[in-house]
Amino acid sequence: MKGELSLFITTASGLLSLAIGIFVLFKGRRQLVNILFFGMTAFLALWAMGDGMTISSSSLQAKIFWTRFQGLGELPLVPTYLLLALYFPRTRSFMRDWKKAASIISLLYAPFILALVFLYCTGIIYSEYFPGTNIHGLEVARTPYFWFLTVLGFSQVILGIILNLRESRRSDSLHRRRGLMFLAFAPFPMLAANLVQNLKWNESVTTPQASLLFVGLLGYGILRHGLFLDFRSATRRALAHALALAIDLALCVLLLSMLRYGLKMRFSWNGVILFLVCAAPLFIAYPAEVAWANRLLSRRLYRRESRMGTVLEGLSRSIRTVRDPYTLAADVTGMVRESLDLASCALMIREDGGERYRVIGFASHPGRVAHEHRGVVESGMFMQAWSESYTFETTSGDFSSYWQVGKRLERGGCRLEYLHLGVLRIHQGGGVVKESLWREREEGEAISLPLEVGGERVGLLWLGGKMDGSPFRVEELDQLVALSTQVAVALLNARLMQEIMDRSRQLRELAHKVSSAQEEERIRISRELHDGLAIFFLDILYGLDVLERDVEESAGLSFHLEDIRNQARQGLKELRRLISDLRPSSLEVLGLRDSLASYLDRFGAENGLEVRFECRGSLQGLDALSEMTLFRVAQEALANVAKHARARSVRLSLKEENGQVQLEVEDDGTGFALEDVMTRRYTKSCLGLKSMEERAELAGGRLTVDAEPGKGTRVRLRVPKTAGRPA
């Protein structure tokens, strides 16, 4: 039982080491370190093969042969591990010169190559072989040269471990650092097992058995942290397959043990068939096992990466859809703070191309940031950037702070600044100032991340210390640098969009003021005409009446006086029409509803049309510009009906709904081709439609026209009660 289990473990170790070596070789066959790693795993496979054959052999001569065969793998394995440490992850300077490298490689391998010759040709290594009671069934007499080789081998392995640990501390990448840690600690189980075997503390332990742990640690470092590989895209998938295979392998071993020791079955065709039948469900369920392993790895090993991926996806969605810089800043700061478990996160936007920034987004953990610091966006906080520091201050002067920059780090073309010291002051009134001190070594790392587009800085993203006080990992910084570009572009777009909206609002307000000024000027002119020129016409008519009574005896003179009277009356009528067009007096006296009703009745009587007026809702609160716009558009629409429609009836309706007023003028006339008129609306023949559109736009309204040849026309205008706001 012991021998069979030991044989199985040794065989599995050799096969796994060879498989991992081939995997690394084919993923980077042109790199020297991949070739060295393959050589190391091949030597380990030879050693395991020799150890397994020694256990399974029955004769003394066969055991001696396979014991010597183990030297083909064991002796070159040790210097290969040290040589790998000299070339990975970076080539040592003295190994770049091929002459020095050849000398060092010769010194490393020479004692072991010589020992291999001695092993086969002399008794310098093992002076005697005889049957024993250990797992191999063979005892050897070890010579002083054997112990010298053992000490030399231990020294080289320990030197390789030290080199890997030093490189692990120097590495910038977390995965490279952890991978080197696994490479450094992987030989420890084999060293311990070799010590136990040589000192005969346990006769069942062999070094190739412990190599299974060596291979397992290396495999995890390769698959999880990309050791010796330049990719990580297939790491999770490969690790999921490896986990599923390990589970199936363990179940197969358990099944074999049950068949062999539970049912007492020997190796035969019947046993093989029974094993295959029992193991068939494992092969069928393999895809489900891989899916389960993938979910398990996502929850346990790739949890942070999955969470950061989710955050990046959410931010990308916000960046694509959000147009308001404040909403964008709230999304960015909130998601970044939660994903990295930060005490606080702030987003600042640059103003006017200088070094002055405005805080537009701030998110904080309620347990770490005082409540006085949380209203920085609402209170209007600004930041000034200096060469070695930053200063903050609110517009009210209630809060101010000073931050000193410590070290700087270049990452992905982005210059990160670590904050070293901060002084925060809260002015509570009455000369009382609350001051607090922030130190990096006590609160954890805080970073200022620039947001740049095409070399232009548009803002800053500040990352407060982590809640657990741990430093930022390199992978987290790389993800934040990648995110900063997207945020910078979105922030620039949002700022430009906000500027466009502000200018559009200013133009609407200006147009509103211009239109209001025009209406006021019309009212002034109409009053002056009414109070000045109209009186002169009335005086002329009165004088003509007096003169006519004085000269009644002259028939010819009476005719001329009557002609002058008619001209004066016609001029007075035209003057009153002009006054009404400038500012309908009925609007001031009757209001919009009754003015339109009266105008529609008069329009129907003058043009012989059937008219219908409807009004629903309250028109209270309608400002002068909106009121005038509705009246003028109704006038223009009715004028078009009289000129072009050939209609029998006209309907005019007013409707108030949700703070907006809708005017509708509909006729049953000949209609027209809407597309043709819309293309000609800038010509003299269609200036009426263009005039209605301009009036609607100035009032913040919307004009729509529905028409079809032979089916009449409907003009619809919707304006807000307060002109200038979009309807």
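The residue count restarts for each chain, going from 1 along the sequence in the order it is written. pLDDT decides what is reported in this predicted model: residues at 70 or higher carry local features, side-chain atom pairs at 80 or more are listed and counted, and totals for whole chains, interfaces and linings draw on all residues regardless. Think of the side-chain values as coming from all heavy atoms in the structure, minus any hydrogens and water.

Helix and strand assignments follow DSSP, with helices taken as H or I runs no shorter than four residues and strands as E runs no shorter than two, numbered in order from the N terminus. Assigned secondary structure in the protein chain consists of 21 helices and 16 strands. When accessible area is computed with a 1.4 Å probe and restricted to protein chains, residues below 20% of their type maximum are described as buried, those above 50% as exposed, and intermediate ones as partly exposed. Taking all 727 residues of the protein chain together, 43% fall into the buried category. Accessible surface computed for the protein chain: about 38,800 Å², of which carbon and sulfur atoms make up 58%. All accessible-area figures derive from a Shrake-Rupley calculation using a 1.4 Å probe, and residue coverage is judged against the displayed protein chains alone.

Moving on: the pattern of salt bridges. The salt bridge criterion pairs a side-chain nitrogen of Lys or Arg with a carboxyl oxygen of Asp or Glu, the two atoms within 4 Å. Scanning the entire structure with this criterion turns up 20 salt bridges. The salt bridge partner of Glu139 is Lys200, with a shortest N-O separation of 3.6 Å. Placement of Glu139 in strand S2 (residues 138–142) and of Lys200 in the loop between helix H7 (188–198) and helix H8 (207–225) is noted, with a sequence separation of 61 residues between them. A residue is classified by how much of its surface remains accessible, and Glu139, at 13% relative accessible area, is buried. We classify Lys200 as partly exposed; its relative accessible area is 48%. With a shortest N-O distance of 3.1 Å, Arg408 and Glu417 are connected by a salt bridge. On the basis of relative accessibility, which here comes to 13%, the residue Glu417 falls in the buried class. Within the structure, one salt-bridge network assembled from shared partners comprises Arg612, Glu614, Arg651, Glu664, Glu666, Asp706, Arg714 and Arg716.

Between helix H2 (residues 32–56) and helix H3 (residues 60–87), the least distance of the axes is 7 Å, while the angle of their chain directions is 160°. The orientation of H2 relative to H3 falls into the category roughly antiparallel. Here the hand of the crossing between H2 and H3 comes out left-handed. Gly counts as polar in this scheme, as do all residues outside two lists: the nonpolar Ala, Val, Leu, Ile, Met, Phe, Trp, Tyr, Cys and Pro, and the charged Asp, Glu, Lys and Arg. When the residues that make up the contact of H2 with H3 are grouped by side-chain class, the tally is 21 nonpolar, six polar and three charged. Inter-axis angles, ranging from 0 to 180 degrees, are taken between N-to-C directions of lines fitted to C-alpha atoms, where helices are fitted over the stretch in contact. Orientation categories follow fixed angle ranges, with anything under 35 degrees roughly parallel, anything over 145 roughly antiparallel, 65 to 115 roughly perpendicular, and all other angles oblique. The handedness criterion is simple: a crossing whose near helix is rotated anticlockwise from the far helix by less than a right angle is left-handed, and one whose near helix is rotated clockwise is right-handed.

It is worth spelling out the packing of aromatic side chains at this point. Each aromatic ring pair is characterised by the separation of its centres together with the angle its planes make. Aromatic pairing here means that ring centres of Phe, Tyr or Trp (its six-membered ring) are within 6.5 Å. Orientation follows from the plane angle: under 30 degrees is stacked, over 60 is edge-to-face, and everything else is tilted. In this structure the tally under the stated criterion is 14 aromatic pairs. A centroid spacing of 5.1 Å and a plane angle of 80° characterise the contact between Phe65 and Trp66, whose relative ring orientation is edge-to-face. Residue Phe65 is classed as partly exposed on the basis of its relative accessible area of 44%. Residue classification places Trp66 among the buried positions, given a relative accessible area of 15%. Judged by centre distance (5.3 Å) and plane angle (80°), the ring pair of Tyr390 and Trp462 falls under edge-to-face. With Tyr390 in strand S6 (residues 389–394) and Trp462 in strand S11 (residues 456–463), the pair connects residues that are 72 residues apart, well separated along the chain. One aromatic cluster is present, built from ring pairs that chain together Tyr390, Phe392, Trp403, Trp438 and Trp462.

The next subject is the pairing of strand S10 (residues 447–453). In terms of burial, S10 is a largely internal element, five of the seven residues being buried. Pairing between two strands requires that DSSP report at least two bridges joining them. Note: strand S8 (residues 414–429) against S10, two bridges, orientation antiparallel. Each residue of the ladder has a partner; that of Tyr418, found in S10, is Ile447. In the sheet, S10 pairs with S11 via seven bridges, with the strands oriented antiparallel. Its bridge partner lying in S11, Ile447 is registered against Leu463. Counting the residues between successive antiparallel strands, the hairpin from S10 to S11 contains two residues, one of them, Gly454, with a positive phi of roughly 60°.

Before going further, it helps to spend a moment on the sheet that holds strand S13 (residues 649–657). Strand order across the open sheet formed by five strands is S12-S13-S14-S16-S15, with mixed pairing between neighbours. The open sheet has two edge strands with one neighbour each: strand S12 (610–616) and strand S15 (702–707). Ignoring strand direction, the axes of neighbouring strands in this sheet form an average angle of 10°. Should any heavy atoms of two residues lie within 4.5 Å, those residues are counted as being in contact. Strand contacts of helix H19 (residues 624–645): S13, strand S14 (660–667), S15 and strand S16 (713–720), with the helix running at about 10° to S14, the strand carrying the most contacts.

For the rest of this paragraph, the subject is helix H4 (residues 98–121). For H4, spanning 24 residues, the distance from its first C-alpha to its last is 33 Å, which sits close to the expected 34 Å at 1.5 Å a residue. The sharpest bend along H4 comes to roughly 40°, located at Tyr109, with the proline Pro111 sitting one to four residues further on. A helix is expected to span 1.5 Å multiplied by its residue count minus one. One fitted axis covers the seven residues ending at a residue, a second covers the seven starting there, and the bend at that residue is the angle between these axes.

Here we come to the pairing of strand S1 (residues 126–131). In regular strands, side chains alternate between the two faces of the sheet. Note: S1 against S2, five bridges, orientation antiparallel. Note on S2: the bridge partner recorded for Tyr126 is Arg142.

In this section: a nonpolar patch on the surface. A cluster of nonpolar residues, Trp147, Leu195, Leu199 and Trp201, forms a patch on the protein surface that exposes about 420 Å² of accessible area. Relative to the helices and strands, Trp147 is located in helix H5 (residues 144–170). When its relative accessible area of 36% is taken as the criterion, Trp147 is described as partly exposed. Patch membership is restricted to residues that have no salt bridge and whose relative accessible area is over 30%. Joining uses 9 Å for like charges and 5 Å for the nonpolar side chains Val, Leu, Ile, Met, Phe, Trp and Tyr.

Moving on to the nonpolar core. By size, the foremost hydrophobic cluster in this structure holds 52 residues, and its most contacted members are Phe37 and Phe228. Broken down by element, the residue count for this core peaks at 11 residues, all from H3. What makes a nonpolar core is a set of buried Ala, Val, Leu, Ile, Met, Phe, Trp, Tyr and Cys residues whose side-chain atoms join them at distances within 4.5 Å. One finds Ala634, Ala645, Val665 and Leu703 within the second-largest nonpolar core, a separate group that totals 31 residues.

With that out of the way, let us pick up the side chain of Asn198. Looking at the element boundaries, Asn198 is found in helix H7. The residues touching Asn198, leaving out its near neighbours within four places in the chain, are Arg142, Phe146, Trp147 and Thr150.

This brings us to the packing of H4 against H5. Interhelical geometry of H4 versus H5 gives an angle of 150° and a closest axis separation of 11 Å. Note on packing geometry: the crossing formed by H4 with H5 is left-handed. Touching Leu108, Pro111, Phe112, Leu114, Ala115 and Phe118 of H4 are Tyr145, Leu149, Leu152, Gly153 and Gln156, all from H5.

All right, on to unusual backbone geometry then. The residue after Phe88, namely Pro89, is reached through a cis peptide bond having omega 5°. As for its position among the elements, Pro89 is in the loop between H3 and H4. The phi dihedral of Asp341 falls on the positive side, at around 55°, and the residue is not glycine. Among the structural elements, Asp341 can be located in the loop between helix H13 (325–340) and strand S3 (344–351). Residue class for Asp341 comes out partly exposed when judged on its relative accessible area of 38%.

Geometric values such as these leave the question of function open.
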